[in-house]
Amino acid sequence: MPTTDDEGLDRLLDAETIAVIGCSTTPGKAAHDVPAYLQRHGYRIVPVNPFADEILGEPAFDELADIEGEVDLVNVFRPSEEVPEILAAVRERHAARGDAAAAWLQLGISHDEAAAAAEADGIDVVQDKCMKVEHGRLRG
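In what follows, the accompanying structure is described. Small disclaimer: the values here were computed from a predicted structure and weren't measured.

1. Description of the packing of helix 3 (residues 83-97) against helix 4 (residues 112-120)
Consideration 1: The interhelical angle for the contact between helix 3 and helix 4, taken along N-to-C directions, is 5°, at an axis separation of 9 Å. In this view, helix 3 runs roughly parallel relative to helix 4, as classed from their interaxial angle. Across the interface between the two elements, Val83, Pro84, Leu87 and Arg91 of helix 3 pack against Ala114, Ala115, Ala117 and Ala118 of helix 4.
Consideration 2: Looking at the contact of helix 3 with helix 4 residue by residue, the classes come out as 7 nonpolar, no polar and 1 charged.

2. Overview of the layout of surface pockets
Consideration 1: By volume, the largest pocket amounts to about 510 Å³.
Consideration 2: Taken together, 20 residues form the lining of the largest pocket, with Ile21, Val48, Asp62, Glu63 and Ile86 sitting closest to its centre.
Consideration 3: For the lining of the largest pocket, the per-class residue count stands at 10 nonpolar, 2 polar and 8 charged.

3. A look at helix 3
Consideration 1: Relative to the 21 Å expected for 15 residues at 1.5 Å per residue, helix 3 spans 20 Å between its end C-alpha atoms, a close match to the ideal helical length.
Consideration 2: Among all positions in helix 3, only Val83, Ile86, Leu87, Val90, Arg93 and His94 are buried. Burial along helix 3 is one-sided: seen end-on, the buried residues are contained in an arc of 115°. Facing away from the buried surface of helix 3 by more than 90 degrees, the exposed residues are Glu85, Glu92, Ala95 and Ala96.

4. A closer look at a negative patch on the surface
Consideration 1: On the surface, Asp53, Glu54, Asp62, Glu63, Asp66, Glu68 and Glu85 cluster together into a negatively charged patch.
Consideration 2: Along the chain, the position of Glu63 falls in the loop between strand 4 (58-59) and strand 5 (73-76).

5. Overview of the environment of Val76
Consideration 1: When you line up the elements, Val76 lands in strand 5.
Consideration 2: Owing to a relative accessible area of 0%, Val76 belongs among the buried residues under this scheme.
Consideration 3: As for Val76 and Ser110, which are separated by 34 residues in sequence, their C-alpha atoms are 9.9 Å apart.
Consideration 4: Every residue in contact with Val76, bar those within four places of it in the chain, is listed here: Ile21, Ile86, Trp104, Leu105, Gln106 and Ile109.

What counts and what doesn't
- Residues numbered from 1 in each chain as written.
- Predicted model: local features only at pLDDT ≥ 70, side-chain atom pairs only at ≥ 80, totals over all residues.
- Heavy atoms only, no water.
- Axes fitted to C-alpha atoms, helices over the stretch in contact; angles between N-to-C directions.
- Helix = DSSP H or I, 4+ residues; strand = E, 2+ residues; numbered from the N terminus.
- Parallel < 35°, antiparallel > 145°, perpendicular 65-115°, else oblique.
- Contact = heavy atoms within 4.5 Å.
- Nonpolar A, V, L, I, M, F, W, Y, C, P; charged D, E, K, R; others polar.
- 1 Å grid on protein atoms, 1.4 Å probe; cavity = no way out; pocket = protein on both sides within 12 Å on 5 of 7 lines; lining within 4 Å.
- Points joined across faces, edges and corners; volume = space filled by probe spheres on them.
- Expected span 1.5 Å × (residues − 1).
- Buried < 20%, exposed > 50% of the residue type's maximum accessible area, 1.4 Å probe, protein only.
- Arc of directions from axis to C-beta.
- Patch = residues over 30% accessible without salt bridge, like charges linked within 9 Å, V, L, I, M, F, W, Y side chains within 5 Å.
- Areas by Shrake-Rupley, 256 points an atom, 1.4 Å probe, with all protein chains shown as cover.
- Salt bridge = Lys/Arg side-chain N within 4 Å of Asp/Glu carboxyl O.
- Lys, Arg positive; Asp, Glu negative; His and termini not counted.
- Charge placed at Lys NZ, Arg CZ, Asp CG, Glu CD.

Laid out in structure tokens, this is it:
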């Protein structure tokens, strides 16, 4: 079952390094403004966007597998139809490296089947919730 309770959401907010799949270079877009908010609140943001070299002052990576350092949580700003492929990459990374133990699908993004498969592999999954909103509500 996806993480929905306040205790579970708050625990995931203990992450330090967040890979942001679909991080945008465009201020005003949620995929830019939410990671910027998280960065201002002390999180290390690792942008994943194959069309950018740098976002929010951090080097951007083409895909999750390219990130060398440890990733605590993967925040997803891509359409729901891309979630199975994205969560498969999270599962592969988690199995190979032991990190990326949580995936947070932003508001309007969900895929129950892919989330269940990730959870079966020991990954906490949040669906259809904004990380900025939940951070502000729980830790503001």
